[in-house]
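# Examining the three-dimensional arrangement
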Amino acid sequence: MEMEGALATVELKRRPRPHAIAYLISLVCYGLMLLPLVAIIFYSFLAPGDASDASQWSFTWDWYQALSHDESILEALTTSLIVAVVASLGSTSIGLLGALALHRSQFSRSELVSGLATLPLALPELVLGLASVIWFGTIGLSLGINSVIIGHITLTTAYVVTVINARLTDFDSAVIDAASDLGATPWQVARRVTIPLLAPAIGAGAMMAFTLSFDDFMISFFTAGVDHDTLPMRIYSMIRFGINREIYALSTVLILLTITGLGVSSWLRRRSI
Amino acid sequence: MGRSSRIFLVPLVTWLGLFLVGPLLMVAVYSFLERGPYGDVIWQPTLANYTRALDPLYLRIYSKSLVLATSTTAVCAVLGLPLAYTIATAPKRWQPGLLGLLMVPFLTNFVVRVYAIRLILAAEGPINLGLLSLGLITEPIMMTDSTMAVALGMVTNYLPFMVLPIYVVFEKFDFAMIEAAKDLGAKGWPVFSRVILPLAKPGLLSGLSLVFVPVLGEYMIPDLLGGAKTLMLGGLITEQFLRVRDWPFGSALAMILVTAMMFVMWLQHRYRGIEARRGDGGRIGYSRT
């Protein structure tokens with residue numbers, strides 16, 4: 001106990017105290033980022049009426065009820081979930097195999113391939129979206145849920161390759177050499193050695209791909225055509241039509257889901273250590 | 001891995017060729033084509049889209065977008081560096097919480113985040129309500145549909161892209177060095193400019209392009225917060241594709257955007273190269289003396 005206390009003091013002493021201005025700026029930053037979210041949660045419970053008089057405020061679940069009966073939102077949510085699941089499965093498989101092959105590869109063009117694979121990280125989503133829609137027109141692929149999934153796989157593969165590659169450079173490649181020396185085929189090495197070691201990175205990559213796909217607006221906006229709105233597209237058109245209160249409720253649900261997701265992933269990380 | 005693992009590369013290479021390289025080359029091709037009467041294209045090579053893109057009307061939009069992207073990046077750097085430093089120097093057990101407060105807005109749906117900023121600034125939003133109830137104003141102030149609203153939206157949304165890479169650099173750093181500098185009599189500005197800033201530089205450089213590049217092509221934020229008056233490059237390009245249906249001209253604009261971004265990344269790469277050649281002694285200012 002005493003030992004722990006002493007260590008804590010040492011740590012505190014070693015860490016400099018930022019200047020008061022740094023604290024002030026940090027406070028402003030957190031305010032800028034969090035106040036809009038707090039406001040949207042608050043407004044989602046506020047009954048209509050004159051909001052300027054706090055004594056007149058009354059609170060209601062009405063917007064949440066309206067939300068749960070809104071077919072178009074449920075439909076968009078289903079589309080988004082299907083797209084995100086298929087896209088993350090697709091990009092995780094393609095990205096995993098690709099990262100494995102690119103790692104320590106002697107293949108002369110491997111730098112070109114890994115550069116191309118991670119290019120969507122640097123490309124504005126707008127460009128990837130418009131390039132895809134031109135291309136789908138050229139090759140005669142009709143716009144719909146398939147074209148959205150293809151666009152999302154291209155985007156999210158870049159993240160999967162980056163995450164898995166970072167992990168591959170971290171771990172001891174001697175185990176792989178040992179397995180090959182003992183006569184394992186590349187497939188056996190991958191299945192019995194590399195993939196189990198990579199499991200956390202594969203999971204992280206897949207989760208990232210899912211989140212990015214579920215969150216994406218721009219690529220879907222270009223490639224969905226008519227009738228296949230994803231959830232962000234649906235929210236966007238609701239904003240355009242001036243539907244407010246239901247969006248507040250939907251936003252609150254999405255914010256709470258984000259917090260839950262973050263909580264679960266940090267709990268999983270702590271458990272795995 | 002041996003040569004035979006090259007087969008694992010097949011899906012990735014096929015996918016990239018089919019759905020990344022092909023599409024991007026097609027944008028380049030389209031930018032040299034003519035627009036047909038019904039929003040289709042005529043396969044007739046022309047430079048007209050590029051000469052049209054040099055029209056003063058469009059040059060104004062580019063310069064407005066450039067100014068916005070540059071100032072957003074600068075503000076994010078000024079705010080993000082102290083924030084990353086504050087988080088990195090906080091007691092270890094607070095850091096997950098402080099990072100979590102950063103990750104919640106970062107991972108919340110983008111459309112929702114932008115809309116939340118619109119709500120904050122709206123006539124019935126909390127700022128106007130607060131000012132009204134304090135009696136400071138009698139009529140709500142119109143704050144949405146302005147360049148200021150767009151700038152606020154950009155900074156708020158892209159700030160984590162600056163903070164996270166700087167935090168990663170700080171996190172690995174032994175802060176005893178700063179204490180040492182202080183013990184040796186350096187204080188205030190010298191500690192910042194000769195110790196903290198050089199340390200933060202790699203993260204800061206990543207942050208600069210992580211903010212600048214997407215802001216330059218941003219569509220949603222100007223669209224939802226800027227109203228019709230503030231057309232930016234992202235909005236102009238999107239309009240060509242989805243409303244005007246002039247794909248060749250939209251492609252030419254996209255090519256200009258991509259060229260601008262590649263230039264920024266090349267600059268960054270070059271700067272990093274110079275830094276690397278100068279070596280560590282150059283990175284930490286006082287060790288040269």
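Relevant structure appears above.
To keep things clear, this report deals only with the structure shown in the data block. (Residues numbered from 1 in each chain as written. Chains lettered and ligands numbered in written order. Predicted model: local features only at pLDDT ≥ 70, side-chain atom pairs only at ≥ 80, totals over all residues. Heavy atoms only, no water.)

### Remarks on the overall build of chain B
In terms of helices and strands, chain B carries twelve helices and two strands. Counted from the first residue to the last, chain B has its helices and strands arranged as α-β-β-α-α-α-α-α-α-α-α-α-α-α. Principal-axis analysis of the C-alpha atoms gives chain B an extent of 75 × 75 × 35 Å. Within chain B, residue pairs in contact and separated by at least 24 positions form 68% of the contacts whose partners lie at least 6 positions apart. (Helix = DSSP H or I, 4+ residues; strand = E, 2+ residues; numbered from the N terminus. Contact = heavy atoms within 4.5 Å.)

### Quick word on the overall build of chain A
Helix and strand content of chain A: 13 helices and zero strands. Traced from its N-terminal end to its C-terminal end, chain A shows the element sequence α-α-α-α-α-α-α-α-α-α-α-α-α. On C-alpha atoms alone, chain A measures out to a radius of gyration of 24 Å, which is more than a quarter above the 19 Å that the 2.2 N^0.38 rule sets for 273 residues. For chain A, the spread of C-alpha atoms along the principal axes amounts to about 75 × 70 × 30 Å. Across the 273 residues of chain A, 46% fall into the buried class. As displayed, chain A offers around 13,900 Å² of accessible surface, 64% of which is attributable to carbon and sulfur atoms. Positive and negative side-chain charges in chain A, numbering 15 and 20 respectively, have mean positions lying 12 Å apart. (Rg over C-alpha atoms; globule rule 2.2 N^0.38 Å. Buried < 20%, exposed > 50% of the residue type's maximum accessible area, 1.4 Å probe, protein only. Areas by Shrake-Rupley, 256 points an atom, 1.4 Å probe, with all protein chains shown as cover. Lys, Arg positive; Asp, Glu negative; His and termini not counted. Charge placed at Lys NZ, Arg CZ, Asp CG, Glu CD.)

### A closer look at the nonpolar core
In this structure, Ile235 of chain A together with Ile87 and Phe170 of chain B are the most contacted members of the largest nonpolar core, which totals 161 residues. Element by element, the count of residues in this core is highest for helix H3 (residues 56-89) of chain B, at 14 residues. (Core = buried A, V, L, I, M, F, W, Y, C linked by side-chain atoms within 4.5 Å.)

### Concerning the packing of helix H2 (residues 20-43) of chain A against helix H7 (residues 147-171) of chain B
Packing of H2 of chain A against H7 of chain B leaves a shortest axis separation of 10 Å and a crossing angle of 105 degrees. The angle between H2 of chain A and H7 of chain B falls in the class roughly perpendicular. In contact with Cys29, Leu32 and Met33 of chain A of H2 of chain A, H7 of chain B contributes Leu152, Thr156, Leu159 and Pro160 of chain B. Looking at the contact of H2 of chain A with H7 of chain B residue by residue, the class counts come to six nonpolar, one polar and no charged. (Axes fitted to C-alpha atoms, helices over the stretch in contact; angles between N-to-C directions. Parallel < 35°, antiparallel > 145°, perpendicular 65-115°, else oblique. Nonpolar A, V, L, I, M, F, W, Y, C, P; charged D, E, K, R; others polar.)

### Comments concerning the interface of chain B and chain A
Contact with chain B, which involves 87 residues of that partner, is made by 83 residues of chain A. Interface area, chain B with chain A, both sides summed: about 7,700 Å², of which 78% is carbon and sulfur. Viewed at the interface, chain A and chain B are joined by one salt bridge. Between arginine 240 of chain A and aspartate 223 of chain B there is a salt bridge, and its shortest N-O distance comes to 2.9 Å. In this structure, the connection of chain B to chain A is made through ten residue pairs in polar contact (both at pLDDT 80 or more). Ranked by the residues each element gives to the side of chain B that touches chain A, the list is headed by helix H1 (residues 9-30) of chain B, at 16 residues. (Buried area = accessible area lost by both parts, 1.4 Å probe. Salt bridge = Lys/Arg side-chain N within 4 Å of Asp/Glu carboxyl O. Polar contact = N/O pair within 3.5 Å; in protein donor to acceptor, adjacent residues only side chain to side chain.)

### Focus: unusual backbone geometry
Although it is not a glycine, aspartate 227 of chain A adopts a positive phi angle of roughly 75 degrees. Among the structural elements, aspartate 227 of chain A can be located in the loop between helix H11 (218-223) and helix H12 (231-240). Of note in the backbone geometry, arginine 245 of chain B takes a positive phi value of approximately 55 degrees without being a glycine. Considering the arrangement of structural elements, one finds arginine 245 of chain B in the loop between helix H11 (233-242) and helix H12 (247-283).

Everything listed is a geometric property; what it means functionally is a separate question.
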